[in-house]
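Take a look at the letters that make up each chain.
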Amino acid sequence: MIDALALLDKYYPPGSDAHRILVRHSRSVAAKAARVTRCLPAATVDKAFVIQAALLHDIGIRFTAAPALGCFGELPYLCHGLKGREILEAEGLPRHAMVCERHIGVGLTAAEIRRQNLPLPCRDMAPITLEEQIVAYADLFFSKDPARDGSERSADQVRNALMRFGTDKVAIFDQWHAMFAV
């Protein structure tokens, strides 16, 4: 069992804005993900992994240009999942790494990456496993924006936010919401 919060401390100086924002967000996502896992049959989901992955899913934000989050890196924010994958693979956590890469929104397809000329490798980056889907779902309810103070969005607010990416993204969320709503 890994200590996810200690791993965040390794990459984010405790007391920094980035650490405070990331840990608050990650704990909120992990708490919602834990509530989801409690509603599922024990044999279907790795509950401990879901909590760890939820705590680590945004570990890559430090390397992005997101000053409002205390992050002063060079990468576009969209690349935080890919950077998180690199970090967690280097830490010997390949399963957790895939959660990082695949948690952006409800996922990205290679076709979308190509069509929108996104700064990502042209491959599918959508949640596949139940655990990946739970973390991505829980993440949709919480912003890292310090002005929101960690408040949880409603399902309708999530749908409205996803609508700008297309009705197909809303349909994926609705499918997850039918399975995971707590």
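Just above sits the structure.
Reference entry: report on the structure contained in this document.

Calculation criteria
- Residues numbered from 1 in each chain as written.
- Predicted model: local features only at pLDDT ≥ 70, side-chain atom pairs only at ≥ 80, totals over all residues.
- Heavy atoms only, no water.
- Axes fitted to C-alpha atoms, helices over the stretch in contact; angles between N-to-C directions.
- Helix = DSSP H or I, 4+ residues; strand = E, 2+ residues; numbered from the N terminus.
- Parallel < 35°, antiparallel > 145°, perpendicular 65-115°, else oblique.
- Left-handed = near helix turned anticlockwise from the far one by under 90°.
- Contact = heavy atoms within 4.5 Å.
- Salt bridge = Lys/Arg side-chain N within 4 Å of Asp/Glu carboxyl O.
- Buried < 20%, exposed > 50% of the residue type's maximum accessible area, 1.4 Å probe, protein only.
- Core = buried A, V, L, I, M, F, W, Y, C linked by side-chain atoms within 4.5 Å.
- Phe/Tyr/Trp six-rings, centres within 6.5 Å; stacked < 30°, edge-to-face > 60°.
- Lys NZ or Arg CZ within 6 Å of the ring centre and 35° of its normal.
- Polar contact = N/O pair within 3.5 Å; in protein donor to acceptor, adjacent residues only side chain to side chain.

**Overview of the packing of helix α2 (residues 17-38) against helix α7 (residues 130-139)**
Between α2 and α7, the least distance of the axes is 8 Å, while the angle of their chain directions is 125 degrees. Taken together, the axes of α2 and α7 lie oblique to each other. Where α2 crosses over α7, the handedness of that crossing is right-handed. Every residue of α7 that contacts α2 at H25, V29, K32, A33, V36 and T37 is listed here: I134, V135, Y137, A138 and D139.

**Describing the pattern of salt bridges**
Here the structure, examined in full by the defined rule, presents 14 salt bridges. With a shortest N-O distance of 3.2 Å, R95 and D46 are connected by a salt bridge. Of the two residues, R95 is situated in helix α5 (residues 94-102) and D46 in the loop between α2 and α3 (47-56); the sequence distance between them amounts to 49 residues. Residue classification places D46 among the partly exposed residues on the basis of a relative accessible area of 31%. A salt bridge links R102 to E132, with the nearest nitrogen and oxygen atoms 2.8 Å apart. With R102 in helix α5 and E132 in helix α7, this residue pair connects regions lying 30 residues apart in the sequence. Taking the relative accessible area as the measure of exposure, E132 reaches 5% and is therefore buried. Look at the salt bridges and you will find they share partners, linking R85, E89, E101 and R123 into a network.

**Observations concerning the nonpolar core**
In terms of nonpolar packing, the biggest core is built from 48 residues, with L56, I59, L88, I134 and F173 touching the most fellow members. Of all elements in the fold, only α1 (4-11), α2, α3, α4 (80-90), α5, α7, α8 (155-163) and α9 (167-180) reach the threshold of two or more residues within this core. It is α2 that provides the largest number of residues to this core, a total of eight residues. The contact partners of F173, leaving out residues within four places of it in the chain, are V106, Y137, L140, F141, A155, V158, R159 and L162.

**Thoughts on α3**
With seven of its 10 residues buried, α3 lies for the most part within the structure. Along α3, the residues classified as buried are F49, V50, Q52, A53, A54, L55 and L56. Packed against the buried residues of α3 are α1, α2, α4, α5 and α7.

**Regarding the packing of aromatic side chains**
Within this structure, the stated rule accounts for four aromatic pairs. Considering the side-chain rings of Y137 and F141, the 5.0 Å spacing of their centres and the 70 degrees angle between planes classify their relative orientation as edge-to-face. One aromatic cluster is present, formed by Y137, F141, F173 and F180 through successive ring pairs. Its end group placed over the ring of F63, K83 keeps NZ or CZ at 4.8 Å from the ring centre. Residue placement shows R95 over the ring face of F49; its charged tip is 3.7 Å from the ring centre.

**A closer look at the side chain of E101**
With respect to the helices and strands, the residue E101 is situated in helix α5. Among the polar contacts made by the side chain of E101, one reaches the side chain of R85 at a distance of 2.8 Å. Sequence-distant contacts of E101, that is, excluding residues within four places in its chain, are made with G81, L82, R85, R123, D124 and M125.

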